[in-house]
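Analysis of the macromolecular model
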Amino acid sequence: MTPPARAAAPGASERILVMGLLKGAWLAHACCTITELSVPDILGENTRPVTEIAAEAGADTEALYRVLRALTTVDIVIEFPGRCFALTPAGSLLRSDTQGSLVPVVSVVRDEVLGLFGELTHAVRTGEPAFEKIYGKPFYDYLGANPDRNRSMTSSLAASRRVPAMLASCGLADARTVADIGGGNGALLARILTDHPRLTGTLLELPEAARHARHVLAEAGVADRSEVVEGDFFEAVPTADVYVLARILRNWDDERALALLRRIRRTCGAGDRLLVFEKVIPDEPVFHPAKIDDLLMLVLVRGRDRTESEHRTLLGAAGFRVEEVRTPVTDLDAEAVIEAVAEQA
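Since this is a predicted model, take the numbers as computed values, not measurements.

**Re the sheet that holds strand β2 (residues 77-80)**
- Strands sit in the order β1-β3-β2 across an open sheet of three strands; the sheet is antiparallel. Looking at the sheet topology across the chains shown, the edges are occupied by β1 (48-49) and β2.
- Taken strand by strand, helix α5 (residues 61-71) contacts β2 and β3 (84-87), and its axis lies near 115° from that of β2.

Set out below in structure tokens:
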């Protein structure tokens, strides 16, 4: 391979780029701060002077002004004459009453994620998650031993999870039963059953998440066609025609991910379908936001975001034949869907 030509010496634009990256954590903290103070909710759809915002938020006017001014540089708020501010469309995602609100994500980032990245060097040196260094045990063991933290994180993450956009491309007209393995808050199964009135479904989750899922399924009006089972998916999974794994495999290393897939394969029959919703990193060296998301897996758990070929290898080793991988076209930050079929044993 011919080596690339020597790059030109870095100039002012390159310095601005790198310094902007280094200051990124400052802006993340600024977003967390205004969200914690309910500033986006105070602003709503209005333009208001910082004196009024600070008074309602219980904040120092000058300090809040400086934070909001900084956030104008990344299009979270707009400043108008007289030190007045309004939210941008991006900033409105920090409101608690906005559809698709990121407030639950902000709380997790503030309370958990930012501290983990302070130990990224440890993760790179050792290959061990930063979480285990900070808390003394693996992520899921910690949640199991700390019910309050488990409850708050489960609630926050459940509120922030979106139904995968690629679900609409999955033909389920011929299915009779669907099993959502590790189905979280139940929103995905609720959508599936709502869209397919002849289907019945089972959701398998740990107790805390299972309780929340029952409420979501009841609110969606599909409780009579669904069952929520509490259990460990490494131990047993319910039977179905179609199995769903949404944002599950990324949480586990190859050994554990393969163990889960084999557990499903031992339960299902030949020809049963498996739908895997995950962010899929391109095998080619091109831009994709999942390459950044994978850093969270590096510091949090022993899992990873995988490439298409890595997913194919895992599924093949477990006895599934990948029939199609469909990736989102307009929203690269959304999950792809990997459709697989259980092969003859």
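The rest of the description comes next.
**So, the nonpolar core**
- In this structure, Ile 181, Phe 233, Tyr 243, Leu 245, Leu 260, Leu 274 and Phe 320 are the most contacted members of the largest nonpolar core, which totals 31 residues.
- Of all elements in the fold, only β4 (177-181), β7 (242-246), α13 (254-267), β8 (273-278), α15 (308-317), β11 (320-326) and β12 (336-342) reach the threshold of two or more residues within this core.
- The element best represented in this core is α13, accounting for five residues.
- Once residues lying within four places of it in the same chain are set aside, the contact partners of Phe 320 are Leu 261, Ile 264, Arg 265, Cys 268, Leu 274, Leu 315, Ala 340, Val 341, Ala 342 and Glu 343.

**Digging into the sheet that holds strand β6 (residues 226-230)**
- Spatially, seven strands are ordered β6-β5-β4-β7-β8-β12-β11 in an open sheet, and the strand pairing comes out mixed. The strands lining the two open edges of the sheet, one partner per strand, are β6 and β11. Between one strand axis and the next, the sheet turns by 20° as a mean value, whatever way the strands run.
- Sheet analysis places β4 next to β7, joined by three bridges and oriented parallel. By the bridge assignment, Val 178 is partnered in β7 with Val 242.

**Section: the packing of aromatic side chains**
- Throughout the structure, instances matching the rule amount to ten aromatic pairs.
- By way of ring pairs, the aromatic residues Phe 131, Tyr 135, Phe 139, Tyr 140, Tyr 142, Phe 233, Phe 234 and Trp 252 are connected into one cluster.
- The side chain of Arg 83 reaches across the aromatic face of Tyr 65, ending 3.8 Å from its centre.
- Arg 256 extends its terminal NZ or CZ atom over the ring of Phe 234, reaching a point 3.8 Å from the ring centre.

**A closer look at unusual backbone geometry**
- Phi angles above zero are rare outside glycine, and Ser 38 is one such case at about 65°.
- Residue placement: Ser 38 occurs in the loop between α2 (24-36) and α3 (39-43).

**Description of the packing of helix α1 (residues 12-22) against α2**
- Contact geometry for α1 and α2: axes closest at 4 Å, N-to-C directions at 45°. Here α2 runs oblique to α1, going by the angle between their axes. Here α1 contributes Gly 20, Leu 21 and Leu 22 to the contact with α2, which in turn contributes Gly 24, Ala 25 and Trp 26.
- In terms of residue class, the contact of α1 with α2 is built from four nonpolar, two polar and no charged.

**A look at the pattern of salt bridges**
- Following the criterion strictly, the structure yields 22 salt bridges and no others.
- Between Arg 306 and Asp 254 there is a salt bridge, and its shortest N-O distance comes to 2.9 Å. Here the residue Arg 306 occupies a position in strand β10 (residues 306-307), and Asp 254 occupies one in helix α13, the gap between them amounting to 52 residues.
- Among the residues examined, Asp 254 registers a relative accessible area of 42% and is labelled partly exposed.
- Ionic pairing is found between Glu 323 and Arg 321, a salt bridge with its closest N-O pair at 3.1 Å.
- Judged by its relative accessible area of 37%, Arg 321 falls in the partly exposed class.
- Each of the salt bridges in this network shares a partner with another, and the network as a whole consists of Arg 273, Glu 324, Arg 326 and Glu 339.

Quick notes on the rules
- Residue numbers restart at each chain and count upward from 1, following the sequence in its written direction.
- Local features in a predicted model are, by the rule used here, given only for residues with pLDDT of at least 70; side-chain atom pairs are given and counted only at 80 or more, and totals for whole chains, interfaces and linings are based on all residues.
- Hydrogens and water are ignored here; the side-chain numbers use all heavy atoms of the structure.
- For two strands to be treated as a pair, DSSP must find no fewer than two bridges joining them.
- The helix count covers DSSP runs of H or I at least four residues long, the strand count covers runs of E at least two residues long, and both are numbered beginning at the N terminus.
- By definition in these notes, contact holds between two residues if any of their heavy atoms fall within 4.5 Å.
- With axes taken as lines fitted to C-alpha atoms, and helix axes fitted only over the stretch in contact, angles between N-to-C directions fall between 0 and 180 degrees.
- What we call a nonpolar core is a set of buried Ala, Val, Leu, Ile, Met, Phe, Trp, Tyr and Cys residues that are connected through their side-chain atoms within 4.5 Å.
- Exposure classes here rest on a 1.4 Å probe applied to the protein chains alone. A residue is buried below 20% of its type maximum, exposed above 50%, and partly exposed in between.
- Side-chain rings of Phe, Tyr and Trp (the six-membered ring for Trp) are treated as a pair once their centres are within 6.5 Å; stacked means planes under 30 degrees apart, edge-to-face means over 60, and tilted covers the remaining angles.
- A ring is considered to have a charge above it if a Lys NZ or an Arg CZ atom is located within 6 Å of its centre and within 35 degrees of its normal.
- An angle counts as roughly parallel when it lies under 35 degrees, as roughly antiparallel when it exceeds 145, as roughly perpendicular when it falls between 65 and 115, and as oblique in every other case.
- Basically, the charged four are Asp, Glu, Lys and Arg, the nonpolar ten are Ala, Val, Leu, Ile, Met, Phe, Trp, Tyr, Cys and Pro, and anything else, Gly included, counts as polar.
- Whenever a carboxyl oxygen of Asp or Glu lies within 4 Å of a side-chain nitrogen of Lys or Arg, that contact is scored as a salt bridge.

Such coordinate-based values are descriptive only and should not be taken to indicate function.
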